[in-house]
Amino acid sequence: MTADDAPLGERLASWLEDLDLTGQLAAAGLPTFERDEGGRALWTDPLTGSPLAADQLEELDRLLHEQGAEPEHAVPVALVLMARQARLREELLGSAWFGYEELAQVRGASVNATRFAVHKAGTDHRLLVLATDLRTVVPAFQLDESGEPRPELAPVLGPLLAAGMDPWRAWAWLTQPAALLGGLVPEQAARDTDDAALVQHAAVRLAERVTARP
């Protein structure tokens, strides 16, 4: 039996495994599958926990292949984007950041006072603050040695956060080489008085793009 002759559930499972997207199914609220001892894909309805019926598999197949002019060559774009975002978050969380407790120690303040100060700075668009499933995260790059927001980043963070830019995307843009800056890393370039104005201009340009999106 060729791959094209395999049951629909098997074809879908193998396709998603080849794309390394099986881990995104549950996060997207889609049916998931596990392989039994014989290697057969067993699909499960996320709402009932029951085996997926044939018509449900057909609907899932249609949904995953609906992107593109040639469905047989399509990719599940939403799952690809989710996987990309998950990898990005994992990479960012692998860099330096603080929780309230750790930042309170650096500041020599109470956890409650630190929490209040962080939320105030976040509300004022002076600090990038992110929520994960387990805790609130404050990326370390934007803080000075005393745990206070770096003043030179205020005119950079301000436009991005005021525009409603996704905080994970903002974190990535600020800490990676940026095309708008000719390959400079924004948060590093902002330290240089010769480059600071350029970084601020790039942040405003990027914020305009975010605002212009529907």
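Rules behind the numbers
Residues numbered from 1 in each chain as written. Predicted model: local features only at pLDDT ≥ 70, side-chain atom pairs only at ≥ 80, totals over all residues. Heavy atoms only, no water. Helix = DSSP H or I, 4+ residues; strand = E, 2+ residues; numbered from the N terminus. Buried < 20%, exposed > 50% of the residue type's maximum accessible area, 1.4 Å probe, protein only. Contact = heavy atoms within 4.5 Å. Pairing = 2+ DSSP bridges. Polar contact = N/O pair within 3.5 Å; in protein donor to acceptor, adjacent residues only side chain to side chain.

A look at the overall build of the protein
Move 1: Each helix and strand counted, the protein has 9 helices and 5 strands in total.
Move 2: Secondary structure elements of the protein, listed N to C terminal, follow the sequence α-β-β-α-α-β-α-α-β-β-α-α-α-α.
Move 3: Within the protein, buried positions represent 36% of all 214 residues.
Move 4: A separation of at least 24 residues holds for 53% of the contacts in the protein among residues at least 6 apart in sequence.

A word on the pairing of strand S5 (residues 136–139)
Move 1: Burial of the side chains of S5 extends over both faces: Thr136 and Val138 are buried on one face and Val137 and Pro139 on the other.
Move 2: Bridging between strand S3 (residues 97–98) and S5 involves 2 bridges; their strand directions are antiparallel. Bridging from a neighbouring strand, phenylalanine 98 pairs with valine 138 of S5.
Move 3: By the bridge criterion, 2 bridges tie strand S4 (residues 130–131) to S5 in an arrangement that is antiparallel. Its bridge partner lying in S5, leucine 130 is registered against valine 137.
Move 4: Linking two consecutive strands that pair antiparallel, namely S4 and S5, is a turn of 4 residues.

A few points about helix H7 (residues 167–175)
Move 1: Regarding H7, the residues found buried are Trp168, Ala170, Trp171, Ala172, Trp173 and Leu174.
Move 2: Its side-chain oxygen at 3.1 Å from the backbone nitrogen of tryptophan 168, aspartate 166 defines the N-terminal cap of H7.

Digging into the side chain of glutamate 187
Move 1: Relative to the assigned elements, glutamate 187 resides in helix H8 (residues 186–189).
Move 2: Within the structure, the side chain of glutamate 187 is placed 2.7 Å from the side chain of arginine 150, a separation counted as a polar contact.

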